[in-house]
Amino acid sequence: MQSAVHWALLGLVIERPSYGYELANRFEHAYAGMLQLSGFSYVYTALDTLQCRGMIEELPGTRTGRQPKPRYRATAEGINSYQERLITQMREDFRRSRLFARQLAVFAHEPEMALDVIERYGQACLEEAGETPVLTTAGTDAVAGLAERLVSEERRLAMGARLPWIDYARREFKALATGRM
Amino acid sequence: MSLLELERVSKYYGQLDERVALRDVSLQIGVGEMVVVWGMRRSGRSTLLRIAAGIEAPDTGVVRFEQRDLQAHPGATLGKGIGYCRKRFAASEGQLVIDQLVTGLVARGVPLSQATSRARAALERAAIASCATLTPAELGGSETVRAAIARALAFAPRLLLIDEPTIGVDLLERDAILLLLHSLAQEGIAILASTGESPGLSGARALTLSEGELHGRHAPELAEVVPLRPTG
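What comes next concerns the included structure. Treat the numbers as computed from the prediction; the structure is a model and nothing was measured.

1. Topic: the pairing of strand 1 (residues 4-13) of chain B
Residues and elements named next belong to chain B.
Move 1: Sheet topology note: the strand 1/strand 2 (residues 19-29) ladder contains seven bridges and is antiparallel. Its bridge partner lying in strand 2, L4 is registered against I29.
Move 2: The antiparallel hairpin formed by strand 1 and strand 2 contains five residues in its connecting segment, where G14 sits at a positive phi of about 100°.
Move 3: In the sheet, strand 1 pairs with strand 4 (residues 60-65) via five bridges, with the strands oriented antiparallel. By the bridge assignment, S10 is partnered in strand 4 with T60.

2. Some remarks on helix 1 (residues 45-53) of chain B
Residue and element names in this part refer to chain B.
Move 1: Of all nine residues making up helix 1, seven are buried, and the element is well covered by its neighbours.
Move 2: Among the residues of helix 1, R45, T47, L48, L49, I51, A52 and A53 are the ones counted as buried.
Move 3: Looking at the residues trailing helix 1, positive phi occurs at G54, about 85°.

3. Comments concerning the interface of chain B and chain A
Move 1: At the interface, 21 residues of chain B touch 19 residues of chain A.
Move 2: Looking at the side of chain B that touches chain A, the elements that each hand over two or more residues are helix 5 (171-186), strand 9 (205-210) and strand 10 (213-216) of chain B.

4. Section: the environment of B:I98
Residues and elements named next belong to chain B.
Move 1: Mapped onto the fold, I98 is located in helix 2 (residues 97-107).
Move 2: Residue class for I98 comes out buried when judged on the 23 C-beta atoms lying within 10 Å of it.
Move 3: As for I98 and E138, which are separated by 40 residues in sequence, their C-alpha atoms are 13 Å apart.
Move 4: Contacts of I98, omitting those with residues within four sequence positions, involve A119, L123, A132 and T133.

5. Quick notes on unusual backbone geometry
All names here are of chain B.
Move 1: A positive phi angle is found at R8, which is not glycine, with a value near 50°.
Move 2: Residue position: R8 is located in strand 1.
Move 3: Owing to 13 C-beta atoms within 10 Å, R8 belongs among the partly exposed residues under this scheme.
Move 4: One non-glycine residue with positive phi stands out, namely A127, at about 55°.
Move 5: Within the element layout of this structure, A127 appears in the loop between helix 3 (112-125) and helix 4 (141-153).

Cut-offs used in this document
Residues numbered from 1 in each chain as written. Chains lettered and ligands numbered in written order. Predicted model: local features only at pLDDT ≥ 70, side-chain atom pairs only at ≥ 80, totals over all residues. Pairing = 2+ DSSP bridges. Helix = DSSP H or I, 4+ residues; strand = E, 2+ residues; numbered from the N terminus. Buried ≥ 20, exposed ≤ 12 C-beta atoms within 10 Å, placed from the backbone. Contact = placed C-beta atoms within 7 Å.

Read these as geometric descriptors, not functional statements.
Here is the structure:
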């Protein structure tokens, strides 16, 4: 299963059982700025897929009334797959970082071009850093508060690694540019 | 209009000016804006703050505060518009935290009773009033930062400069310090901080300083001016 949206929806079902419309609302709130639904109806397609793969199941007794709202919960297989996916995703991020560094190195003979890329990458990082909110101590619900803190700290620590790397890369390419003069 | 403006500022150290601290740095800060400059050690970030405060003069370039050239009016703005947070407390300036604030104010001609009430208000604003009667040596990491901020606030600055506000501060206290700085900015006090840590950049206009060169958005982002009536 490749769709990031499917995995994110599975995660929300793991967090707590929900029905389709509720999931769509929770998705928009939880993944704002990270993932986007093509439409609310997409949630139902995704739920079908997850159910067919045995990752979620309907909660018994929730398909009742004139307008039934079947609620879904995660299966043990769904939880296992989700954990595996998280690790795979992180490995993919490591690979992407290495790839970026390797691809930048093609400019060894044209250091000014690399410096231009570094400048723009640095600007993007600074904007991301500036947009990272300072966490207030005001209490939110436990899960939302934890998610906010984890996301915020991850952004900050990632930035704490990227900025020195940008500094380092800039020095390397500047030295190359100076050597060419 | 900028509150603080650095125009093509350079600063060199060493007998032959061989060490570049700042190279052709331009920066504008607006009223109530929070700007944080990230840099590695020896990147020039502390020099940038000292020059912005008027403590040091640039070798080339101009620094203006409220459109006044700092070099033309040396010492005229530090303590009178610009607050520079020093985290060191000299024993000669008082035994207790509140004494440290009062001494600075009295030394600048503020009557003692007025100085005491201003010091108390500043300690209150920095949420450190409970430590007023402690000695600086008794303060923890975040308390020292808050006391330093309070000492600068006592002079009612319009620009606050602070070097490494979150260094040595407990992880859980870090955001509270940043929130304090943001709240001061919301009250209209511009903040220029330097940091070697990425957390300090949160919610601010962030720039980086590398080998004395400033990278990032040098001026505040101004809203596009839309004419009320189409011209022409």
